[in-house]
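For reference, the chains in residue letters:
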Amino acid sequence: MMTRGLMLGAALTLAACATGGRSIDDPAAQKLFNMSTPQYYANLTIANQIAQNCARYSYDAGLDAALNAARNEVGRGSLASNSQRAGIELETDVSKRSFEVKHGVELSSDDLCPAGDAELLEGSGLSALLIPA
């Protein structure tokens with residue numbers, strides 16, 4: 001119980017520190033909120049890789065924390081993810097491959113900016129976690 005309280009406190013602190021990101025009520029953020037736990041974590045992983053490999057984007061840790069807190073309230077956040085680890089790993093692998101084919105890139109590439117731009121134009125769920133520089 002104490003761990004849950006600490007996690008919620010940390011999530012709220014991170015959310016309060018966020019600047020320039022989207023609101024949890026944004027349509028793209030709502031897509032993330034409504035995803036299954038494996039899909040959600042796959043999208044977080046891909047968005048993080050885009051932010052790491054494109055100087056034009058940073059990862060919205062504040063929105064990530066706010067979404068996780070909201071998803072925990074309905075049983076689909078980090079508290080539920082431990083029991084779904086195998087499903088998350090499988091979905092992440094499939095999602096990475098789909099993303100690479102969709103955008104004609106490799107996620108290990110040094111330049112994922114065009115793929116990030118395309119996701120923003122599409123208004124995809126993972127685009128909610130990308131903050132343009």
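To be clear, the structure that these remarks concern was listed above.
The structure reproduced in this document is the subject of the present report. Keep in mind that what you see is a predicted model, and the values were worked out from it rather than measured. (Residues numbered from 1 in each chain as written. Predicted model: local features only at pLDDT ≥ 70, side-chain atom pairs only at ≥ 80, totals over all residues. Heavy atoms only, no water.)

1. Digging into the overall build of the protein
No. 1: Check the secondary structure of the protein and you find 7 helices and 2 strands.
No. 2: Counting from the amino terminus, the protein carries its helices and strands in the arrangement α-α-α-β-α-α-α-α-β.
No. 3: Taken over 133 residues, the protein has a buried fraction of 43%.
No. 4: Considering only contacts in the protein between residues 6 or more positions apart, those separated by 24 or more positions represent 77%. (Helix = DSSP H or I, 4+ residues; strand = E, 2+ residues; numbered from the N terminus. Buried < 20%, exposed > 50% of the residue type's maximum accessible area, 1.4 Å probe, protein only. Contact = heavy atoms within 4.5 Å.)

2. Focus on the packing of helix H3 (residues 37-52) against helix H6 (residues 85-103)
No. 1: It is at 8 Å that the axes of H3 and H6 come closest, and there the two elements cross at 50°. Considered as vectors, H3 and H6 are oriented oblique to each other. Seen from above, H3 lies across H6 with right-handed handedness. For the pair H3 and H6, the contacting residues are Thr37, Pro38, Gln39, Tyr41, Ala42, Thr45, Ile46, Gln49 and Ile50 in the first and Gly87, Ile88, Glu91, Thr92, Ser95, Lys96 and Phe99 in the second.
No. 2: Here the residues of the contact of H3 with H6 are counted per class, giving 7 nonpolar, 7 polar and 2 charged. (Axes fitted to C-alpha atoms, helices over the stretch in contact; angles between N-to-C directions. Parallel < 35°, antiparallel > 145°, perpendicular 65-115°, else oblique. Left-handed = near helix turned anticlockwise from the far one by under 90°. Nonpolar A, V, L, I, M, F, W, Y, C, P; charged D, E, K, R; others polar.)

3. Re the nonpolar core
No. 1: Formed by 28 residues in total, the largest nonpolar core has its most connected members in Leu32, Tyr40, Ile50, Phe99, Leu126 and Leu130.
No. 2: Listed by contribution, the elements that provide at least two residues to this core are helix H2 (27-34), H3, helix H4 (61-73), H6 and helix H7 (113-122).
No. 3: Counting residues per element, this core draws most heavily on H3, which supplies 7 residues.
No. 4: Excluding residues that lie within four positions of it along the chain, Leu126 makes contacts with Leu32, Asn43, Ile46, Ala47, Ile50, Phe99 and Glu119. (Core = buried A, V, L, I, M, F, W, Y, C linked by side-chain atoms within 4.5 Å.)

4. Quick notes on the state of the cysteines
No. 1: If you walk through the whole model with that rule in mind, you get 1 disulfide.
No. 2: Covalent S-S linkage joins Cys54 and Cys113, the inter-sulfur distance amounting to 1.9 Å. Sign of the S-S torsion, about 105° for the bond between Cys54 and Cys113, identifies this disulfide as right-handed. Here the residue Cys54 occupies a position in the loop between H3 and strand E1 (57-59), and Cys113 occupies one in helix H7, the gap between them amounting to 59 residues.
No. 3: Among the residues examined, Cys54 registers a relative accessible area of 4% and is labelled buried.
No. 4: With a relative accessible area of 8%, Cys113 lands in the buried category. (Disulfide = S-S within 2.5 Å.)

5. Observations concerning the side chain of Gln49
No. 1: Note on placement: Gln49 falls in helix H3.
No. 2: A residue is classified by how much of its surface remains accessible, and Gln49, at 18% relative accessible area, is buried.
No. 3: The residues touching Gln49, leaving out its near neighbours within four places in the chain, are Lys96, Leu107 and Leu112.

6. Thoughts on the packing of aromatic side chains
No. 1: Summed over the entire model, instances satisfying the criterion amount to 1 aromatic pair.
No. 2: Judged by centre distance (5.1 Å) and plane angle (85°), the rings of Tyr40 and Tyr41 are edge-to-face.
No. 3: The residue whose ring lies beneath Arg71 is Tyr40, and the NZ or CZ to ring-centre distance is 3.9 Å.
No. 4: Against the face of Phe33 rests Arg76, its NZ or CZ located 4.9 Å from the ring centre. (Phe/Tyr/Trp six-rings, centres within 6.5 Å; stacked < 30°, edge-to-face > 60°. Lys NZ or Arg CZ within 6 Å of the ring centre and 35° of its normal.)

Interpretation note: all reported values are geometric properties and have no functional meaning in isolation.
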